[in-house]
Amino acid sequence: MATIFILNGPNLNLLGEREPEIYGRTTLAEVEKSCAEYAAIIGVDIDCRQTNHEGVLVDWIHEARKAADAIVINPAGCSFHSIPVLDALKTFDKPIVELHISNIHARDAFHQHSIISTVSTGVICGLGVYGYMVALQAAARMLDLLPDSLPAPIRVGP
Ligand code: CA2
């Protein structure tokens, strides 16, 4: 079975607890539970992790080179400056779906330019925590893994 790493960067352990007007009231544990439920429906394994440390994110991306078929990543604060995370992702030659809970393009200039997007296969932002479901589905579709039990508009698209 294919494995998709779902990686979350700095401070996302506080999801649901701080700044709910931007990030909502859903906790990371609730997000991961929904991801696990959806992964079971589409038939993929997921490995959900969160770290507040840039180097740990780099180590996990290196691990993913062998252990994962795709990466879903919310790099959080590492989106805008982290050359180490960017360089690590460059070595991952399978699908990378970057996601942001908020619409980073509608935020202040500091939050508008993710350098990670330059190496991401696809980018999702502004859908709230629902973006994790969309990102997981998109990653599975990139791997051609969506099951026949899903309707054609979702499995294939237009
Ligand atoms: O919208 C997103 O998912 C972000 O990646 C979150 C980052 C922010 O720097 C990006 O511009 C967009 C910040 C994550 C901070 O984590 C928090 C979690 C809960 C409450 C407060 C902060």
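Computed from a predicted structure; not experimentally measured.

Rules used in this analysis
Residues numbered from 1 in each chain as written. Predicted model: local features only at pLDDT ≥ 70, side-chain atom pairs only at ≥ 80, totals over all residues. Heavy atoms only, no water. Pairing = 2+ DSSP bridges. Helix = DSSP H or I, 4+ residues; strand = E, 2+ residues; numbered from the N terminus. Axes fitted to C-alpha atoms, helices over the stretch in contact; angles between N-to-C directions. 1 Å grid on protein atoms, 1.4 Å probe; cavity = no way out; pocket = protein on both sides within 12 Å on 5 of 7 lines; lining within 4 Å. Points joined across faces, edges and corners; volume = space filled by probe spheres on them. Nonpolar A, V, L, I, M, F, W, Y, C, P; charged D, E, K, R; others polar. Near = heavy atom within 4 Å. Polar contact = N/O pair within 3.5 Å; in protein donor to acceptor, adjacent residues only side chain to side chain. Areas by Shrake-Rupley, 256 points an atom, 1.4 Å probe, with all protein chains shown as cover. Sits in = over half its atoms within 2 Å of the grid points. Phe/Tyr/Trp six-rings, centres within 6.5 Å; stacked < 30°, edge-to-face > 60°. Buried < 20%, exposed > 50% of the residue type's maximum accessible area, 1.4 Å probe, protein only. Lys NZ or Arg CZ within 6 Å of the ring centre and 35° of its normal.

### A word on the sheet that holds strand β5 (residues 122-125)
In spatial order, the strands read β2-β1-β3-β4-β5; together these 5 strands make up an open sheet with parallel pairing. Edge positions in the open sheet fall to β2 (45-50) and β5, since each of these has one partner strand only. Within the sheet, the average angular offset between the axes of one strand and its neighbour, ignoring direction, is 15 degrees. Note: strand β1 (residues 3-8) against β2, 6 bridges, orientation parallel. For Ile-4, the partnering residue across the bridge sits in β2 and is Ile-46.

### A look at the layout of surface pockets
In this approach a probe as big as a water molecule rolls over the atoms, and the regions it shows empty are the leftover space. Taken as a whole, the largest pocket holds about 420 Å³ of empty space. Lining the largest pocket are 21 residues, and of these Pro-10, Asn-11, Leu-12, Tyr-23 and Ala-76 lie nearest its centre. Of the residues in the lining of the largest pocket, the class split is 10 nonpolar, 8 polar and 3 charged.

### Examining the site of the ligand
Close to the ligand lie 16 residues, the nearest being Asn-74, His-100, Ile-101, Ser-102 and His-111. A distance of 3.4 Å is found between an oxygen atom of the ligand and a backbone nitrogen or oxygen belonging to Asn-11. Within the backbone of Ile-101, one N or O atom sits 2.7 Å away from an oxygen atom of the ligand. Here the ligand, which alone exposes 510 Å², has 93% of that area covered by the protein. Here the ligand occupies the largest pocket. Looking at side-chain class alone, the shell around the ligand contains 8 nonpolar, 5 polar and 3 charged residues.

### Quick look at the packing of aromatic side chains
Summed over all chains, the structure comprises 1 aromatic pair. Plain terms: the ring middles of Phe-80 and Phe-110 are 6.2 Å apart, the flat faces sit at 35 degrees to each other, and that makes the pair tilted. Of this pair, Phe-80 sits in the loop between β3 (70-74) and α4 (83-90) while Phe-110 is found in the loop between β4 (96-100) and β5, placing the two residues 30 residues apart along the sequence. Residue Phe-80 is classed as buried on the basis of its relative accessible area of 18%. In this structure Phe-110 comes out as exposed when scored by relative accessible area, which is 62%. Here the guanidinium or amino end of Arg-49 rests over the ring plane of Phe-5, the centre of that ring lying 4.7 Å away.

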